[in-house]
Amino acid sequence: MVHTCVVSGCRNRRTPGTSLSFYRFPRDPERKQRWVAAVNREGWEPNDGSRLSVSSLVIPHFVKTSKR
């Protein structure tokens with residue numbers, strides 16, 4: 001199956017034989033909303049096939065950090 005990154009301007013595609021990792025949007029509504037906001041595409045909502053490439057992940061937006 002071919003996956004394409006949903007981030008505007010990202011041309012990463014995962015095709016059979018490539019090692020680039022892609023991630024699904026989280027199921028947790030709060031975390032999912034943070035990811036959607038970070039994608040920054042007005043009026044866009046992810047579907048079951050929406051993916052982000054590992055190179056498009058911006059750590060502060062996508063990774064849960066511990067609170068100090």
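Computed from a prediction, not measured in an experiment: that's the story for all the values here.

## Structural notes on the pattern of salt bridges
Right, on to step 1. Summed over the entire model, instances satisfying the criterion amount to one salt bridge.
Right, on to step 2. Between Arg34 and Glu30 there is a salt bridge, with the nearest N and O atoms lying 3.4 Å from each other. Placement of both Arg34 and Glu30 in helix α1 (residues 29-39) is noted, with a separation of four residues, approximately one turn of the helix.
Right, on to step 3. Classification of Arg34 by relative accessible area gives partly exposed; the value is 37%.
Right, on to step 4. Classification of Glu30 by relative accessible area gives exposed; the value is 56%.

## So, the nonpolar core
Right, on to step 1. Counting residues in hydrophobic clusters, the biggest one holds 10 residues: Cys5, Val6, Cys10, Phe22, Phe25, Trp35, Val36, Val39, Trp44 and Leu52.
Right, on to step 2. Of the residues forming this core, the biggest block, three residues, is contributed by α1.
Right, on to step 3. Beyond its immediate stretch of four places on either side in the chain, Phe22 contacts His3, Thr4, Cys5, Asn12, Arg13, Arg14, Arg51, Leu52 and Ser53.

## Brief notes about the packing of aromatic side chains
Right, on to step 1. Evaluation of the coordinates by the stated rule reveals two aromatic pairs.
Right, on to step 2. Centre to centre, the rings of Phe25 and Trp44 are 5.6 Å apart; their planes meet at 55 degrees, and the pair counts as tilted. Here the residue Phe25 occupies a position in the loop between β3 (22-24) and α1, and Trp44 occupies one in the loop between α1 and β4 (51-53), the gap between them amounting to 19 residues. The two residues Phe25 and Trp44 agree in class, both being buried.

Calculation notes
- Residues numbered from 1 in each chain as written.
- Predicted model: local features only at pLDDT ≥ 70, side-chain atom pairs only at ≥ 80, totals over all residues.
- Heavy atoms only, no water.
- Salt bridge = Lys/Arg side-chain N within 4 Å of Asp/Glu carboxyl O.
- Helix = DSSP H or I, 4+ residues; strand = E, 2+ residues; numbered from the N terminus.
- Buried < 20%, exposed > 50% of the residue type's maximum accessible area, 1.4 Å probe, protein only.
- Core = buried A, V, L, I, M, F, W, Y, C linked by side-chain atoms within 4.5 Å.
- Contact = heavy atoms within 4.5 Å.
- Phe/Tyr/Trp six-rings, centres within 6.5 Å; stacked < 30°, edge-to-face > 60°.

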